[in-house]
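What follows is the residue order along each chain.
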Amino acid sequence: MKMGNTVIDIENAVVSYREDVALRGVSIKIEEGEFVGVIGPNGAGKTTLLTVINGLGKLLSGRVWVLGGFLTPGSGHSLRRRVGYVAQVENIDPRMPMSVRDVAMMGRYGVLGLFKRPDKGDWKLVDEMLELVGMTHLAQRPIGHLSGGEQQRVAIARCLAQEPELLLLDEPTASLDWKAQTEILALVKKIHDSRNLTTLFVTHDLDAMPHTCDRVVLMKDGLIFADGPPGELIATDKLSRLYDMTASVVEERLPHMHRNNSMHGRGQ
Amino acid sequence: MEIFGYQFMQNAILSAFLGGISCAIIGVFVVLMHMPFIGVAMSHAAFAGALLGIWLGFDPLIGAFVLSLAAAAIIGPLADRGELSPETSLGVIFSLMLGIAFLFMGLMPGTKSGALELLWGSILTSTRGDIILLAVVAVIVVGLIVVFYKEIQATVFNRGIALSVGLPATVVLYGILFLTGATVTASLRSIGGLLIFSLILNPAAAAYQLTYSMKKMFLLAACFGVLSGWVGLLFSYLFNIPSGATIVVTSSLIFMVTAIFSPKRKVKGWRQQQITEE
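A brief look at the structure comes next. (Residues numbered from 1 in each chain as written. Chains lettered and ligands numbered in written order. Predicted model: local features only at pLDDT ≥ 70, side-chain atom pairs only at ≥ 80, totals over all residues. Heavy atoms only, no water.)

### Some remarks on the packing of aromatic side chains
Residue and element names in this part refer to chain B. Inspection of every chain in the model, using the stated rule, returns 9 aromatic pairs over all chains. Ring centres of Tyr149 and Phe218 lie 6.4 Å apart, and the angle between their planes is 70°; on these two criteria the pair is classed as edge-to-face. With Tyr149 in helix H7 (residues 149-157) and Phe218 in helix H11 (residues 214-239), this residue pair connects regions lying 69 residues apart in the sequence. Given the relative accessible area of 11%, Tyr149 is considered buried. Judged by its relative accessible area of 8%, Phe218 falls in the buried class. Here the aromatic cluster, defined as three or more aromatic residues joined through ring pairs, consists of Phe29, Tyr149 and Phe218. (Phe/Tyr/Trp six-rings, centres within 6.5 Å; stacked < 30°, edge-to-face > 60°. Helix = DSSP H or I, 4+ residues; strand = E, 2+ residues; numbered from the N terminus. Buried < 20%, exposed > 50% of the residue type's maximum accessible area, 1.4 Å probe, protein only.)

Shown next, in the form of structure tokens:
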């Protein structure tokens, strides 16, 4: 893993939607190659943090530097071509006239730019990425016929077709069953390692946090509450304050977490 | 065959062809973006705008275009921000536009036949000017889809994803609303403000039943749109009934037939099959 180059540097970012302040002055630096888990309760500003990084969030104040440049209102489109983004599973109409291959190809669209159509090389790349996520056998199926886990694999293939430098994952395993969730987490980790990506993984669900994160950022009420190695932060006192749960309730839940942890380890 | 001999019939056939294509293509956007009410709200806005033109004495089509775009300018941001369920806001705008239209009609002095014609449409009296306008809009609509197919495909499928891969999805969305306004305006005199929406929705909804390829959906919808216009015209001519009504009924019948025979009704069986692109 290559380290040392800062790819994201956010200084005092403030974002608000109408009256709600979503980020209240967040500063964070992320180095190349890091796998960062962002955890916190619903409404903590985790998704907003991602939208600030890919230029879709509107800053009230503060500065955001991503992949070698400061974000300005006009620079979002070209930045987003270099950033892969996977959101949670959405309901797709089973009749939607888009094949799995079409959806994965969307990742190339921004990179290609206006007036250019995908050529053979683009389709070859898309097919390779579908292979990598294990979706080749479903490539010609309508996207709406896939299960949630399969759709997330396609979403990851779409991101990889972009050949991104940065991967942003916003609750990618939410509403998936436990098996699909485990498989997606393993796939994300594998891709992160093999492609030398910098990855931010947002989740409100501690069980869904990849236990192989290099670093964990805890967020609450639009602020960064703690930031460090997972071993130090995934601890009773921190979690009980993060989720406003009493220490004893967290204690009860934690062994369950560790069980997942060891199973996760055995699977690899 | 004497049907083709009349100048007004030739004009009507040409109008049905051009209007059928534009409306059906706009319909594909409406169906895939799950905004069926957008066409309704904008066509009624166009109708209200045209009446405003007649009442105040300027070109009704200018009024139609401006007011349908104004409706789009209200609908767009609401849909874009997702603050309100689009159905609710569109329902409010739709009823407001209909109310305004009838208000203008009530304020209008003298005979209301011109106004009623805009409500029901009269393809048989299409003028050369109408046809030129329809042709210009059809060429623009088809041309933009061909040139910006990938941007449009991605935006229509999922605006969030289109934005996140670096496409100007918001511009595309407003472009689509603008084209809807232009199409509704150009078709207003031939199809009529009340009926235009079924020519937007039905052919696209019928095509939606039949294919898993977006390109084929555009082509099929355009074919169904033209077919609705021509078959409707034929019935109108044969039985001497209003053409707007026969066109709408034909497009609805096409939809019903495709819905009954849709392979997508048996999604489970279809799942086993592979779809083939192109």
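Past the structure itself, the notes keep going.
### Considerations on the sheet that holds strand S4 (residues 61-66) of chain A
All names here are of chain A. As summarised here, the arrangement of the 4 strands in space is S2-S1-S4-S5, forming an open sheet in which the pairing is antiparallel. Every other strand in the sheet has two partners, leaving strand S2 (20-31) and strand S5 (69-70) as the edge strands with one partner each. For strand S1 (residues 6-17) and S2, the ladder comprises 9 bridges, and the chain directions are antiparallel. Directly across from Ile10, in S2, lies its bridge partner Ile28. In the packing of helix H1 (residues 46-53) onto the sheet, the strands contacted are S1, S2 and S4, and the crossing angle to S1 comes to about 120°. (Pairing = 2+ DSSP bridges. Contact = heavy atoms within 4.5 Å. Axes fitted to C-alpha atoms, helices over the stretch in contact; angles between N-to-C directions.)

### Thoughts on the interface of chain A and chain B
Chain A puts 36 residues into the contact, and the matching count from chain B is 37 residues. Among the residues chain A hides against chain B, the three largest losses belong to Arg95(A), Pro97(A) and Tyr109(A). Together they make up 20% of the total. At the boundary of chain A with chain B, the tally comes to 0 salt bridges. At the boundary of chain A with chain B, the tally comes to 10 residue pairs in polar contact (both at pLDDT 80 or more). Elements with a minimum of two residues in the side of chain A that touches chain B: helix H2 (76-80), strand S6 (83-86) and helix H3 (100-112) of chain A. A per-element tally of the side of chain A that touches chain B places H3(A) first, with 7 residues. Residues that form the side of chain A that touches chain B fall into these classes: 16 nonpolar, 9 polar and 11 charged. (Buried area = accessible area lost by both parts, 1.4 Å probe. Salt bridge = Lys/Arg side-chain N within 4 Å of Asp/Glu carboxyl O. Polar contact = N/O pair within 3.5 Å; in protein donor to acceptor, adjacent residues only side chain to side chain. Nonpolar A, V, L, I, M, F, W, Y, C, P; charged D, E, K, R; others polar.)

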